Amino acid sequence: MDIVYSPDHRLHNGRFEMKDGEFTPCHECPDRADRIFEALKDNADFNFLAPDADASAVIRQIHSPDYVAFLETAWPKWMDFKGTSNPPDAFPLIFPNRSRNVHAPSSIDGLLGYYALDTGSPIMSGTFDAARTAASCALTGQRLVTTGGRTVFSLSRPPGHHATHDAYGGYCFFNNAAIAAQGFLNDGAARVAILDVDYHHGNGTQDIFYERSDVLVVNIHADPSSEYPFFWGARTEIGAGTGAGYNLNLPLPAGTDWPAYAEALGQACAAIRKYAPDALILSFGFDIFHGDPLSRFLIGTADFRRIAGMIAALKFPTLIILEGGYAIDGLADNVLSGLTGFLETE
Ligand code: OKP
Ligand code: ZN
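Residues numbered from 1 in each chain as written. Chains lettered and ligands numbered in written order. Predicted model: local features only at pLDDT ≥ 70, side-chain atom pairs only at ≥ 80, totals over all residues. Heavy atoms only, no water.

Examining the overall build of the protein
Of regular secondary structure, the protein possesses 10 helices and 10 strands. In terms of C-alpha radius of gyration, the protein reaches 19 Å, essentially the compact-globule figure of 20 Å for 346 residues. Based on the C-alpha atoms only, the size of the protein along its principal axes is roughly 55 × 45 × 40 Å. Buried residues in the protein amount to 57% of all 346 residues. Long-range contacts, defined here as pairs at least 24 residues apart, represent 77% of the contacts in the protein between residues at least 6 apart. If you average the places of the 24 positive and of the 41 negative side-chain charges in the protein, the two averages end up 2 Å apart. (Helix = DSSP H or I, 4+ residues; strand = E, 2+ residues; numbered from the N terminus. Rg over C-alpha atoms; globule rule 2.2 N^0.38 Å. Buried < 20%, exposed > 50% of the residue type's maximum accessible area, 1.4 Å probe, protein only. Contact = heavy atoms within 4.5 Å. Lys, Arg positive; Asp, Glu negative; His and termini not counted. Charge placed at Lys NZ, Arg CZ, Asp CG, Glu CD.)

Quick notes on the packing of aromatic side chains
With the rule as written, the count across this model stands at 21 aromatic pairs. Here F16 and F23 contribute two aromatic rings whose centre-to-centre distance is 6.5 Å and whose plane-to-plane angle is 70 degrees, an arrangement assigned as edge-to-face. Here F16 falls in the partly exposed class, since its relative accessible area comes to 37%. The class for F23 is exposed, based on a relative accessible area of 52%. Judged by centre distance (6.5 Å) and plane angle (90 degrees), the rings of Y67 and F174 are edge-to-face. One end of the pair, Y67, is in helix 3 (residues 65-82); the other, F174, is in the loop between strand 5 (152-155) and helix 6 (176-186), and 107 residues separate them in sequence. Here Y67 matches F174 in class, with each residue buried. (Phe/Tyr/Trp six-rings, centres within 6.5 Å; stacked < 30°, edge-to-face > 60°.)

Points about the site of ligand 1
Around ligand 1, the neighbouring residues are D20, H161, H162, G170, Y171, D198, H200, Y228, D287, G324 and Y326. Contact with the protein chains covers 85% of the free accessible surface of ligand 1, which is 410 Å². Considering only residue class, the shell around ligand 1 consists of 3 nonpolar, 5 polar and 3 charged. (Near = heavy atom within 4 Å. Areas by Shrake-Rupley, 256 points an atom, 1.4 Å probe, with all protein chains shown as cover. Nonpolar A, V, L, I, M, F, W, Y, C, P; charged D, E, K, R; others polar.)

Looking at the nonpolar core
Counting 51 residues, the largest nonpolar core has L195, Y261 and I307 as the members making the most contacts within it. The leading source of residues in this core is helix 8 (residues 258-275), at 9 residues. Here L195 is in contact with V218, I220, L265, A268, I272, L280, I281, L282, S283 and I311, once residues within four sequence places are set aside. Judged by nonpolar contacts, the second largest core, of 50 residues, contains V4, M124, F173 and L319. (Core = buried A, V, L, I, M, F, W, Y, C linked by side-chain atoms within 4.5 Å.)

A short note on the packing of helix 5 (residues 127-148) against helix 6
Contact pair helix 5 / helix 6: the axes reach a minimum separation of 9 Å and the direction vectors enclose 35 degrees. Seen from above, helix 5 lies across helix 6 with right-handed handedness. When helix 5 is examined against helix 6, the residues A131, A134, A135, A138, L139, Q142, V145 and T146 are found in contact with a partner set consisting of N176, I179, A180, G183 and F184. Its residues assigned to classes, the contact of helix 5 with helix 6 shows 9 nonpolar, 4 polar and no charged. (Axes fitted to C-alpha atoms, helices over the stretch in contact; angles between N-to-C directions. Left-handed = near helix turned anticlockwise from the far one by under 90°.)

A few points about the environment of N13
Examined against the element boundaries, N13 turns out to sit in the loop between strand 1 (2-5) and strand 2 (16-19). Overall, the relative accessible area of 40% leaves N13 in the partly exposed class. Here the alpha-carbon distance between N13 and G141, two residues 128 residues apart in the chain, equals 24 Å. Sequence-distant contacts of N13, defined by excluding residues within four places in its chain, comprise P30 and M124.

Here it is in structure tokens:
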């Protein structure tokens, strides 16, 4: 299996996130991808490739020009605002909330809140380059799937599924899965399906394709009535306009174990089979693991192989993209288990 990977993910290395009222070390850290790379790099089943596609143009098909410009200039503006070349990571202070149509302010401390969804996603000097490289890994993987028809894994971070058309949050800046979906369409696909199995609902991916029928978005996730991202992910969100019927949410309660998960995954797979996409993107989050610090599901290491086996049995050309997964000590084993489920079915 080809794996697209760049060490440039390390350029995004936040010190702290705001979590439950405290500044705590970032869960979404370079160690995640480093440990997966170390565990897989000498395994003959995997062939590592550097990204050779530049995602810049496709990023602009998915994200608004003002949002991309914000991310590109946020750090220099923040250094200027702080009056030092070595400031702390950038965090928003105030959000426009539900109330009014607002316009972007000029000052960086206002811009951060204008473009942010949350306080958990620090921006630092390398954030833009790392996020663009993650999108380029996904796009390179997409092109390999388009030309080769075989399963490819984009081993990339920061993740992407919370990033909307014009907002960052949940550790995500560019929506790698959405960019890859657009890449498939650009290269001739008529229909693309995205299956998101991260513990958290992929609100950004849902939003981006909510009114489109050319991308089916299916999410299996923790019930947002009590889990991040809270304001998206209900069963009642089925798409709108031309996209009505092309968004499927399968929220599950705390304590979900393999049998309950397998039932939801069966529903998800049936919907994807019926849609018959030209390509499938798997937003593979490993934070459904019972040992994950953000999870209240009870999925075990061996279950990732079962999950992958069910998805691989659909036999659609598939691009796998890394989303979450924060149990640092179990992550590489979980990823290997998941990829093994694909290798066995190919
Ligand atoms: C990113 B991804 C817990 C706070 C959790 C953010 C979660 C972001 C998840 N009380 N904060 O893995 O979907
Ligand atoms: Zn997650």
